[in-house]
Amino acid sequence: MPYRYGHYYVGFVLAVILAGFWKSYFSIAGAVPFAFHAHAFSATIWLLLLILQSATIHGRHNAFHKLAGLASLGLFPLLIAGFVMILNVTAARYAAQESPFVMLLGPSFGIGMFIAIAAYLTLFYQALRHRRNIRLHAGYMLATPLILFESPFSRLMEQALPWMNFIGSEGPMAVIDVIAISNGLAILFAMTLYFMDRKHGAPWLVASAFMATQTIMMWFAPSTPLLHTLFKFYAMLSPELTVLTGMLAAVLVGYFGWLRGIRAIRPPVQTSPT
């Protein structure tokens, strides 16, 4: 089986999340909005499910692996809902002009979350579509934690590893520095895996493309009036509508990805010569 240490890699990402968000979430969990709980719960369960999937397939517990795979279909809409809820909190703070920091970087966080959601929808669809190709299926599933890596590791860098910020921007833009560096490290990891097996490396190439796009868009968003205008428009939308739209997109991705996977394994119809 490919990626025999995949569950350890996912476990490392989970450890980074615990460390990076300890100060801003876990230590004050009782005082944060519900959206953060929904996002934390769904993302943590997603990572634990990936660990279970990787461990069970390598332990040749195929039935448990398939059961975990079916569970992912139910969890995925909740995962996307959690992402959208965090996006909505940022949009509400931007609309309320909560602080100069939010007014400058709100669109950056907004576009970053939009791209993260698009990345998850794409990677999960491809994982379902290629579920009969073990290397591609495993790669697409294991690429999803990379989309989560930037946020906690950038916070960890700010708190404990400030020497890693070699860009050195002034003021709020220092936050974008550590995000860019975090994504750069994740891209380096993904591209290493891609070059180790280019034949089946598409998942890591796709993840890298999303992370690179996210980094560039977040970097230039503060100085792009159009993105500020678009984010202001998004903030006017009903939060309930956006969450439902995100969940519907996730359900459709699960449905069509699963259906495409079934079609991919059907033998071609044999026609009799006339």
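Residues numbered from 1 in each chain as written. Predicted model: local features only at pLDDT ≥ 70, side-chain atom pairs only at ≥ 80, totals over all residues. Heavy atoms only, no water.

## Some thoughts on the packing of aromatic side chains
1) Next: Applying the stated criterion across every chain, the model contains 18 aromatic pairs.
2) Next: Here Trp22 and Phe26 contribute two aromatic rings whose centre-to-centre distance is 6.2 Å and whose plane-to-plane angle is 20°, an arrangement assigned as stacked.
3) Next: On the accessibility criterion, Trp22 (52% relative accessible area) is exposed.
4) Next: Each residue in the set Trp46, Phe76, Phe83, Tyr120 and Phe124 is aromatic and connected to the rest through ring pairs, giving one cluster.
5) Next: Lying over the aromatic face of Trp258, Arg131 brings its terminal NZ or CZ to 3.8 Å of the ring centre. (Phe/Tyr/Trp six-rings, centres within 6.5 Å; stacked < 30°, edge-to-face > 60°. Buried < 20%, exposed > 50% of the residue type's maximum accessible area, 1.4 Å probe, protein only. Lys NZ or Arg CZ within 6 Å of the ring centre and 35° of its normal.)

## Some words on the packing of helix α5 (residues 134–160) against helix α6 (residues 173–196)
1) Next: Orientation of α5 relative to α6, taken along the N-to-C sense of each, is 130°, at an axis distance of 8 Å. Comparing their axes, α6 and α5 come out oblique. In this structure, α5 meets α6 at a crossing whose hand is right-handed. Counted together, Leu146, Phe149, Glu150, Phe153, Ser154, Met157 and Glu158 of α5 and Val175, Val178, Ile179, Ile181, Ser182, Asn183, Leu185, Ala186, Phe189 and Ala190 of α6 form the full contact between these two elements.
2) Next: For the contact of α5 with α6, the per-class residue count stands at 12 nonpolar, 3 polar and 2 charged. (Axes fitted to C-alpha atoms, helices over the stretch in contact; angles between N-to-C directions. Helix = DSSP H or I, 4+ residues; strand = E, 2+ residues; numbered from the N terminus. Parallel < 35°, antiparallel > 145°, perpendicular 65-115°, else oblique. Left-handed = near helix turned anticlockwise from the far one by under 90°. Contact = heavy atoms within 4.5 Å. Nonpolar A, V, L, I, M, F, W, Y, C, P; charged D, E, K, R; others polar.)

## Let's talk about the layout of surface pockets
1) Next: There is about 1,000 Å³ of room inside the largest pocket.
2) Next: Taken together, 40 residues make up the lining of the largest pocket; nearest its centre are Phe21, Phe36, Ile86, Ser151 and Arg155.
3) Next: Looking at the lining of the largest pocket, the elements with two or more residues in it are α1 (6–20), α2 (34–58), α3 (62–95), α4 (100–129), α5, α6 and α7 (202–220).
4) Next: Of the residues forming the lining of the largest pocket, the biggest block, 8 residues, is contributed by α5.
5) Next: Among the residues making up the lining of the largest pocket, the classes are represented as 27 nonpolar, 9 polar and 4 charged.
6) Next: Computed from the structure, the second largest pocket encloses a volume of approximately 680 Å³.
7) Next: Broken down by secondary-structure element, the contributors of at least two residues to the lining of the second largest pocket are α2, α3, α4 and α5.
8) Next: For the lining of the second largest pocket, the element with the highest residue contribution is α3, accounting for 6 residues. (1 Å grid on protein atoms, 1.4 Å probe; cavity = no way out; pocket = protein on both sides within 12 Å on 5 of 7 lines; lining within 4 Å. Points joined across faces, edges and corners; volume = space filled by probe spheres on them.)

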